[in-house]
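Take a look at the letters that make up each chain.
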Amino acid sequence: MRTGPIPDDVDDDDDVPRKGKVVTTTGGWPEPPPILLDELIAEVLLRIPARYLVRLRNSVCSSWRTLISSSQFAKDHLRRSMAVDPALTHPLMVYYSRAYIYPTVGVFSVRSVMENPPHEPTKVVPYEGRRHRLIIGSCNGLLCLHDGEREDELTHRAMLWNPCTGFTSQPLEIGGLFSIGGFGYDHVNDKYKLFAVVDKKSGESVTRMFTFGPKTTCRTIQDFPHNLCEDDSRGHMVHLKGLFVSGTGTLNWLLHGYLSFVWVISLDLVRETYCQFSLPSKDSDDDHEVEPELGILRDCLAVCYETKKTHWTVWLMKDYGVPQSWTKLAIIPHHPLLVRRPRGKALWPIYMLGNVLLALAPSGKFCLCNFNDGSIDFPNIDSSGDGMPRHRPLTQHSCLRGFHLYHESIVSPFHLGLPSCSSEMRLIKPKPIIT
């Protein structure tokens with residue numbers, strides 16, 4: 001389609017306005033040019049996906065650019081995408097290396113993984129920073145990165161990054177070594193918070209809540225109700241990073257006992273208090289050494305168990321915090337390519353599109369489980385350019401990587417009043433092929 005200015009001589013019809021010609025109404029007064037109301041412009045822009053808004057921001061008039069860049073517009077766009085049109089927030093998977101110190105993270109499209117035919121691989125897009133980046137959590141398009149290059153450092157740092165906008169925040173000094181933690185959004189007070197159990201140089205631990213803002217605050221709160229350094233007969237934590245459940249304002253950790261009980265420790269980011277609730281009961285003949293996995297499906301907390309050593313059972317918590325609301329979503333039979341010996345973990349439920357579940361199997365393979373016909377497929381993910389050469393391709397194994405799901409948004413650190421936003425994480429452009 002040809003683009004550019006419309007020539008003056010489009011038509012010879014006198015009804016078509018031309019340059020220099022005054023168009024009059026029956027009353028003889030000039031007809032005013034059409035004007036789009038500001039409210040209508042905002043409504044149109046709110047319907048555009050985040051990634052395209054970022055591209056538009058630098059190529060539109062100053063008034064539109066100011067609107068798109070405002071914190072209120074970012075909140076309205078996020079609210080609309082979550083409540084009305086989830087397609088506006090493209091779901092993406094980001095991962096980092098847990099075994100080797102690489103300055104890169106990889107990102108790939110979840111929708112592409114679920115929709116592409118096998119002969120069309122989903123490409124991993126690599127980003128590079130100046131330091132080793134681990135991921136604490138994700139919320140509203142923001143990733144909270146654990147900034148630590150060496151394990152023997154006396155203090156760790158954290159920073160916020162939105163891959164869609166490209167902005168990062170200045171690193172935040174945690175004041176010790178990070179152990180248990182999580183990142184989420186306090187929807188009542190409109191604040192983003194980082195929870196951290198910090199190990200001090202003296203050997204003691206302190207539980208802190210950081211609130212991001214023009215002057216980021218830190219306060220000591222009640223100790224986390226589980227001590228990693230002591231034997232706890234109740235069980236052990238499956239993951240040290242809390243899972244944020246949007247709409248509830250909570251971080252969630254799974255405690256797994258070697259008996260038949262499993263439960264969740266929940267931290268309310270609004271009240272900054274803890275509670276716990278049980279998960280669905282296991283069968284008496286289940287293998288209790290296999291750890292369950294927490295996830296979020298359809299905006300609900302989800303958990304997956306291995307059942308009777310023959311299949312996995314996925315449950316949804318329809319009413320958050322109410323154990324009676326656990327509802328069985330699906331039963332997924334074992335597949336030779338999904339099971340790893342010895343078994344140690346259950347299937348990790350990641351994302352649902354229609355009745356198809358994207359999951360990470362104990363074997364280290366990503367899989368697509370179709371609840372309509374019971375089929376299991378293996379997506380084609382091209383990780384050859386992720387900058388992690390010592391790892392096996394994602395099509396073979398995902399071991400030694402840490403994964404986090406996030407949704408694109410235009411919420412950026414500067415919307416929170418954080419100073420000196422920069423671009424510490426940059427997209428690695430592929431090298432040209434020389435023939």
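Data block above holds the structure.
Residues numbered from 1 in each chain as written. Predicted model: local features only at pLDDT ≥ 70, side-chain atom pairs only at ≥ 80, totals over all residues. Heavy atoms only, no water.

Let us look at the environment of K365. Tracing the chain through its elements places K365 in the loop between β23 (356-360) and β24 (366-370). Take K365: its relative accessible area is 19%, and that puts it in the buried class. Discounting residues that sit within four places of it in the chain, K365 has contacts with L337, A359, L360, F378, T395 and Q396. Of note is the side chain of K365, whose polar atom sits 2.9 Å from the backbone oxygen of T395. (Helix = DSSP H or I, 4+ residues; strand = E, 2+ residues; numbered from the N terminus. Buried < 20%, exposed > 50% of the residue type's maximum accessible area, 1.4 Å probe, protein only. Contact = heavy atoms within 4.5 Å. Polar contact = N/O pair within 3.5 Å; in protein donor to acceptor, adjacent residues only side chain to side chain.)

Under the definition given, this model contains one cavity of 30 Å³ or more. One number sums up the size of the largest cavity: a volume of about 30 Å³. Together, R57, I68, S69, I410, F414 and H415 line the largest cavity. Partitioning the lining of the largest cavity into residue classes produces three nonpolar, two polar and one charged. (1 Å grid on protein atoms, 1.4 Å probe; cavity = no way out; pocket = protein on both sides within 12 Å on 5 of 7 lines; lining within 4 Å. Points joined across faces, edges and corners; volume = space filled by probe spheres on them. Nonpolar A, V, L, I, M, F, W, Y, C, P; charged D, E, K, R; others polar.)

Tracing the sequence through the fold places S398 in the loop between β26 (381-382) and β27 (401-407). Judged by its relative accessible area of 5%, S398 falls in the buried class. Apart from residues lying up to four places away in sequence, S398 is in contact with L360, G364, F366 and F403.

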